[in-house]
Amino acid sequence: MEGRIGRIKAQLHDASYKLTPQREATVRVLLENEKDHLSAEEVFLRVKDIAPDTGLATVYRTLELLTELRVVDKINFGDGVSRYDLRQEGAKHFHHHLVCLECGSVEEIQEDLLEDVEKIVESKWNFLVKDHRLTFQGVCADCRQKSKKNNG
């Protein structure tokens, strides 16, 4: 974790920002909860445990800055809540998600499934793709299994 924080600190420094204690607390919360897709409010509540003097506005500003620097991605799974997801280091694109419409679970797909689609878009429409996002919405294996048991 310390290595990743150091690299994020370098990214901030390269963009003429400092890794303040409040920003570091926010980054630590994101790293410690990497699989949870936290909202700004959830990040704030966890940051308060580490840095009690940090305000909600500071967390929002930090998350927006980290989004701008492409350290995190701001995502919405259709529930009206913005969530923050750390980008994988060295990843060319944002990873994909599987969102269960029944239980709300979110599973990540690290594999880039759209390389061929990007090539088509670039050649057919002369459009240079810089990034993409793909979210599949459906029913997870656990919910499908529960449904089978209840209906079987």
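Residues numbered from 1 in each chain as written. Predicted model: local features only at pLDDT ≥ 70, side-chain atom pairs only at ≥ 80, totals over all residues. Heavy atoms only, no water.

## A few points about the nonpolar core
- If you look at the biggest cluster of nonpolar residues, it comprises 24 residues, and the most contacted ones within it are Leu30, Val43, Leu63, Leu66, Val71 and Val72.
- Of all the secondary structure elements, the ones that give two or more residues to this core are helix H1 (2–14), helix H2 (21–32), helix H3 (40–50), helix H4 (56–68) and strand S3 (82–86).
- Residue contributions to this core peak at five residues, all from H2.
- In this view, Leu66 contacts Ile8, Val27, Leu30, Val71 and Val72; residues no more than four positions away in its chain are not counted. (Core = buried A, V, L, I, M, F, W, Y, C linked by side-chain atoms within 4.5 Å. Buried < 20%, exposed > 50% of the residue type's maximum accessible area, 1.4 Å probe, protein only. Helix = DSSP H or I, 4+ residues; strand = E, 2+ residues; numbered from the N terminus. Contact = heavy atoms within 4.5 Å.)

## What to know about a nonpolar patch on the surface
- Taken together, Leu98, Leu113 and Phe136 make up a surface patch of nonpolar side chains, about 230 Å² in accessible area.
- Looking at the element boundaries, Leu113 is found in the loop between strand S5 (106–109) and helix H5 (115–125).
- On the basis of relative accessibility, which here comes to 38%, the residue Leu113 falls in the partly exposed class. (Patch = residues over 30% accessible without salt bridge, like charges linked within 9 Å, V, L, I, M, F, W, Y side chains within 5 Å. Areas by Shrake-Rupley, 256 points an atom, 1.4 Å probe, with all protein chains shown as cover. Salt bridge = Lys/Arg side-chain N within 4 Å of Asp/Glu carboxyl O.)

## Points about the pairing of S5
- Note: strand S4 (residues 96–100) against S5, four bridges, orientation antiparallel. Looking across to S5, one finds that Leu98 is bridged to Glu107.
- Hairpin connection of S4 to S5: five residues between the antiparallel strands, including Gly104 at a positive phi of 85 degrees. (Pairing = 2+ DSSP bridges.)

## Let's talk about the UniProt feature "binding site: Zn(2+)" (unreviewed entry) in the protein chain
- Per the UniProt record, the feature "binding site: Zn(2+)" (unreviewed entry) sits at Cys100, Cys103, Cys140 and Cys143. Taken along the chain, the residues just named run across 44 residues; in space they keep tight, none of their C-alpha pairs more than 8.3 Å apart.
- Tracing the backbone through its elements, the reader meets Cys100 in strand S4.
- Each residue touching Cys100, except ones within four places of it in the same chain, is listed here: Ser105, Gly138, Val139, Cys140 and Cys143.
- As for its position among the elements, Cys103 is in the loop between S4 and S5. (UniProt positions renumbered as here; feature names shortened; annotations may be inferred.)

## Some thoughts on the pattern of salt bridges
- The tally for this structure, following the rule as stated, stands at eight salt bridges.
- A salt bridge links Glu34 to Arg4; its shortest N-O distance comes to 3.8 Å. Taken together, the residues Glu34 in the loop between H2 and strand S1 (38–39) and Arg4 in helix H1 connect sequence positions 30 residues apart.
- By relative accessible area, Glu34 is classed as partly exposed at 25%.
- Note that Glu64 and Lys74 form a salt bridge whose closest N and O atoms lie 3.1 Å from each other. Of this pair, Glu64 sits in helix H4 while Lys74 sits in strand S2 (residues 72–76); the two residues are ten residues apart in sequence, bridging distant segments of the chain.
- With relative accessibility at 33%, the residue Lys74 sits in the partly exposed group.

## Concerning the UniProt feature "binding site: Fe cation" (unreviewed entry) in the protein chain
- Using the residue numbers shown here, the UniProt feature "binding site: Fe cation" (unreviewed entry) corresponds to Glu115 and His132. The annotated residues occupy 18 residues of the chain but converge on a single region, no pair of C-alpha atoms lying more than 10.1 Å apart.
- As for its position among the elements, Glu115 is in helix H5.
- Judged by relative accessible area, Glu115 falls into the partly exposed class, the value being 46%.
- Of note, His132 is situated in the loop between H5 and strand S6 (135–138).

## Thoughts on the pairing of S4
- Buried residues dominate S4, accounting for four of its five residues.
- In this sheet, S6 lies alongside S4 in parallel orientation, the contact comprising four bridges. If you follow Leu98 over to S6, its bridge partner there is Phe136.

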